[in-house]
Amino acid sequence: MYDVIIIGAGVSGAAAARELSRYHVNACVLEREEDVCCGTSKANSAIVHAGFDAAEGSLMAKLNVEGNQMMPELSKELDFPFKQCGSFVVCLDEESLPGLYALYERGVKNGVKDMEVITDKARIHEMEPNLADEVVAVLYAPTAGIVCPFHLNIALAENAYTNGIDFKFHTEVRTIEKMEGGWRLQTSQGTYETRYVVNAAGVHADKFHNMVSAEKIHITPRRGDYCLLDKSAGSHVSRTIFALPGKYGKGVLVSPTVHGNLIVGPTAIDIEDKEATATTRAGLDEVITKAGMNVKDLPMRQVITSFAGLRAHEDNHEFIIKELPDAPGFVDCAGIESPGLTSCPAIGKMVAEILREKLSLTPNPDFKGERKGLLDPDTLTKEERAELIRKDPAYGNIICRCEMVTEGEILDAIHRPLGAKSLDGIKRRTRAGMGRCQAGFCSPRSMELLHRELGIPMTEITKSGGASKIAVGTNKDRI
Ligand SMILES: Cc1cc2nc3c(=O)[nH]c(=O)nc-3n(C[C@H](O)[C@H](O)[C@H](O)COP(=O)(O)OP(=O)(O)OC[C@H]3O[C@@H](n4cnc5c(N)ncnc54)[C@H](O)[C@@H]3O)c2cc1C
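Quick caveat: nothing in here was measured; it's all calculated off a predicted structure.

**Examining the overall build of the protein**
Helices and strands together make up the secondary structure of the protein, namely 13 helices and 22 strands. In terms of overall size, the protein behaves like a compact globule, its C-alpha atoms giving a radius of gyration of 23 Å where 479 residues would be expected to give roughly 23 Å. Once the C-alpha set of the protein is aligned to its principal axes, its extents read approximately 60 × 60 × 45 Å. Within the span of the protein, comprising 479 residues, buried residues form 56% of the whole. Taking all contacts inside the protein whose residues are at least 6 apart in sequence as the whole, residues at least 24 apart take part in 72%. For the protein, the exposed area adds up to about 20,500 Å²; of that, 50% sits on carbon and sulfur atoms. Of the charged side chains in the protein, 56 are positive and 66 negative, and the gap between their average positions amounts to 3 Å.

In structure tokens:
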């Protein structure tokens, strides 16, 4: 019997697992997909919000600001890409100015540091030359940033795993029932028993909450469509550019990414299907139209891909992180919509603190908070790189030409703790397949490496687990 089972290996579940691994605990993360970071945590704006958006006094506001403050240190400790580039909220007309000042005031009350409303147009355009000419004022938040959501999620999980937390993939939790001293979970891989459950199942968290509690909650999947532009467009803006928030959240933003691309989106469309992550023509048209309002001359011909993610929008628009009063032993981590990515370090801490207290956990003396990410040859000098290739020629073999990813990096991604088992697993860890050709060139070569290193037959290799197989046989079979 486990002390704790966490359902879901997104940023919430992984952050909770990592914080929990600071203690002596027998804990496990159950994830229905083949890897970590397969839900909302893989498809979002990747912004580390400053914290002026969430309602004053809300848990969302508190954890946003805390998470924002924790992110720089965490990125060093766990070695994932993060850049504190700052953000602008753009006001395009005088009538909307009170709305901008209201955001500033809310930010101050939420504890956001160093914000400034800038009304000097020359200064604004000096800072962001491509901002719309109509701009009247901006709210500048220098503490905002951008992060790689994949690396954040993977780093948290890897570190939790190396500190003793179990991870079971392809394990879908189906039912939860109360038993003497804890909970019994029926899953696609058999039965699990645990004293405590942490419900970090993203858009599906209401299902598990409602299985055990009489106080029902309801989560609406709110889809956000995006366009991702090539690196040639990556410096079009140097900060995250938000529109003044409207009825459906933060509107459409334009932002650089930590890897040098430009991201434009998202929409906010309420849907019913919790698996419907396909973009729509109407959604992408909306992104393109709205994005051009705040930033001029957007090079939309440089779009290399589009994608969509689902926000776990709970009816009360608030994070629910607590042990349920009518279901002792069941800890919700539900309604984690934006700013969930930003808040995840603080969410993890809060969940672990609840469990530490309830289970009287003692510190894990072997806990190691530091983790080293994949070696990126781009960070080396020419001489260091030559030396690396001399020692390990795999670092001289380019597999992904667009992102210049080497065989050495892919082997590292496959063999490190909780390593990659699919093409998307490799992609999220190394960026092989994320570039301009969108995996056209490197897919077969990455498949060969998965086949060679893990012994998976070519016809069994998947894009992202499950039924997403790529090869149906060899040409000779088909003749
Ligand atoms: C369009 C959009 C833009 C966003 N932009 C930002 C942003 O810029 N900044 C920010 O801070 N936040 C942003 N967010 C929010 C952020 O992405 C989420 O809050 C965060 O990723 C939620 O993480 P999670 O771990 O709670 O959920 P998820 O990442 O969805 O993880 C839940 C996991 O549970 C698993 N699971 C579900 N059901 C089961 C089951 N039955 N059995 C086992 N496993 C199960 C899923 O497979 C999944 O891996 C955005 C979200 C969206 C959709």
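**Points about helix H11 (residues 423–430)**
Of all 8 residues in H11, 7 are buried; the element is thus mostly enclosed. Immediately downstream of H11, the backbone of Arg431 shows phi near 80 degrees, a positive value.

**With respect to the side chain of Arg223**
Within the secondary structure, Arg223 is located in strand E13 (residues 219–229). Judged by relative accessible area, Arg223 falls into the buried class, the value being 7%. Within the structure, the side chain of Arg223 is placed 3.1 Å from the side chain of Asp225, a separation counted as a polar contact.

**Some details on empty space enclosed by the protein**
Under the defined criterion, the tally for this structure stands at 2 cavities of 30 Å³ or more. What the second largest cavity holds in volume is close to 40 Å³. Of all the secondary structure elements, the ones that give two or more residues to the lining of the second largest cavity are helix H5 (149–162) and H11. Sort the elements by how many residues they give to the lining of the second largest cavity and H5 lands first, with 3 residues. Broken down by class, the residue content of the lining of the second largest cavity amounts to 2 nonpolar, 1 polar and 5 charged.

**Focus: the sheet that holds strand E3 (residues 47–48)**
Spatially, 3 strands are ordered E3-E8-E4 in an open sheet, and the strand pairing comes out antiparallel. On the outer flanks of this sheet lie E3 and strand E4 (82–83), each paired with one strand and no other. Looking at chain direction, E4 and strand E8 (residues 145–147) are connected through 2 bridges and run antiparallel. Bridge pairing links Phe82 to Val147 in E8.

**Considerations on the environment of Asp270**
Tracing the sequence through the fold places Asp270 in strand E17 (residues 269–270). Using a relative accessible area of 39% as the deciding quantity, one classes Asp270 as partly exposed. One polar contact links Asp270 to Arg222, side chain to side chain, over a distance of 2.6 Å.

**Some words on the site of the ligand**
Taken together, the neighbourhood of the ligand is formed by 40 residues, with Ser12, Glu31, Ser41, Ile336 and Thr342 sitting nearest. A distance of 3.2 Å is found between a nitrogen atom of the ligand and a backbone nitrogen or oxygen belonging to Ser45. Here an oxygen atom of the ligand and a backbone polar atom of Gly340 are 3.5 Å apart. Relative to its free-state accessible area of 1,000 Å², the ligand is covered by the protein chains to the extent of 98%.

**Looking at the side chain of Asp230**
Along the chain, Asp230 falls in the loop between E13 and strand E14 (240–243). Overall, Asp230 belongs to the buried group, its relative accessible area being 8%. Here Arg436 takes part through its side chain, which lies 2.3 Å from a polar atom of the side chain of Asp230. Apart from the residues lying within four places of it in its own chain, the contact partners of Asp230 are Asn261, Leu262, Gln302, Ile304 and Arg436.

**Section: the pattern of salt bridges**
In total, this model carries 36 salt bridges according to the counting rule given. The salt bridge partner of Glu453 is Arg452, with a shortest N-O separation of 2.8 Å. Judged by relative accessible area, which is 48%, Arg452 ranks as partly exposed. One salt-bridge network, held together by shared partners, links Arg18, Glu19, Arg22 and Glu77.

**Concerning the packing of helix H1 (residues 11–20) against helix H8 (residues 340–359)**
Axis separation between H1 and H8 bottoms out at 7 Å; the angle between their running directions is 45 degrees. Classified by the angle between their axes, H1 and H8 sit oblique to one another. The two elements H1 and H8 cross, and the hand of that crossing is right-handed. Contact residues: Val11, Ser12, Ala15, Ala16, Glu19 and Leu20 in H1; Gly340, Leu341, Cys344, Ile347, Gly348, Lys349, Val351, Ala352 and Leu355 in H8. Grouping the amino acids of the contact of H1 with H8 by side-chain chemistry returns 10 nonpolar, 3 polar and 2 charged.

**Some thoughts on the packing of aromatic side chains**
Tallied over the entire structure, the rule returns 6 aromatic pairs. Between Tyr2 and Tyr192, the aromatic rings sit 6.5 Å apart at their centres with planes inclined by 25 degrees, giving stacked as the arrangement. Of this pair, Tyr2 sits in strand E1 (residues 2–7) while Tyr192 sits in strand E12 (residues 190–199); the two residues are 190 residues apart in sequence, bridging distant segments of the chain. For the pair formed by Tyr2 and Tyr192, the shared burial category is buried. The rings of Tyr161, Phe167 and Phe169 are connected pair by pair, giving a single aromatic cluster. Above the face of the Trp183 ring, Lys178 is positioned so that its terminal group lies 4.3 Å from the ring centre. Residue placement shows Lys421 over the ring face of Phe169; its charged tip is 4.5 Å from the ring centre.

**Overview of the layout of surface pockets**
One number sums up the size of the second largest pocket: a volume of about 600 Å³. For the second largest pocket, the lining is made up of 21 residues, of which Pro81, His259, Leu374, Asp376 and Thr379 are closest to its centre. For the lining of the second largest pocket, the per-class residue count stands at 7 nonpolar, 5 polar and 9 charged.

Basis of the calculations
- Residues numbered from 1 in each chain as written.
- Predicted model: local features only at pLDDT ≥ 70, side-chain atom pairs only at ≥ 80, totals over all residues.
- Heavy atoms only, no water.
- Helix = DSSP H or I, 4+ residues; strand = E, 2+ residues; numbered from the N terminus.
- Rg over C-alpha atoms; globule rule 2.2 N^0.38 Å.
- Buried < 20%, exposed > 50% of the residue type's maximum accessible area, 1.4 Å probe, protein only.
- Contact = heavy atoms within 4.5 Å.
- Areas by Shrake-Rupley, 256 points an atom, 1.4 Å probe, with all protein chains shown as cover.
- Lys, Arg positive; Asp, Glu negative; His and termini not counted.
- Charge placed at Lys NZ, Arg CZ, Asp CG, Glu CD.
- Polar contact = N/O pair within 3.5 Å; in protein donor to acceptor, adjacent residues only side chain to side chain.
- 1 Å grid on protein atoms, 1.4 Å probe; cavity = no way out; pocket = protein on both sides within 12 Å on 5 of 7 lines; lining within 4 Å.
- Points joined across faces, edges and corners; volume = space filled by probe spheres on them.
- Nonpolar A, V, L, I, M, F, W, Y, C, P; charged D, E, K, R; others polar.
- Pairing = 2+ DSSP bridges.
- Near = heavy atom within 4 Å.
- Salt bridge = Lys/Arg side-chain N within 4 Å of Asp/Glu carboxyl O.
- Axes fitted to C-alpha atoms, helices over the stretch in contact; angles between N-to-C directions.
- Parallel < 35°, antiparallel > 145°, perpendicular 65-115°, else oblique.
- Left-handed = near helix turned anticlockwise from the far one by under 90°.
- Phe/Tyr/Trp six-rings, centres within 6.5 Å; stacked < 30°, edge-to-face > 60°.
- Lys NZ or Arg CZ within 6 Å of the ring centre and 35° of its normal.

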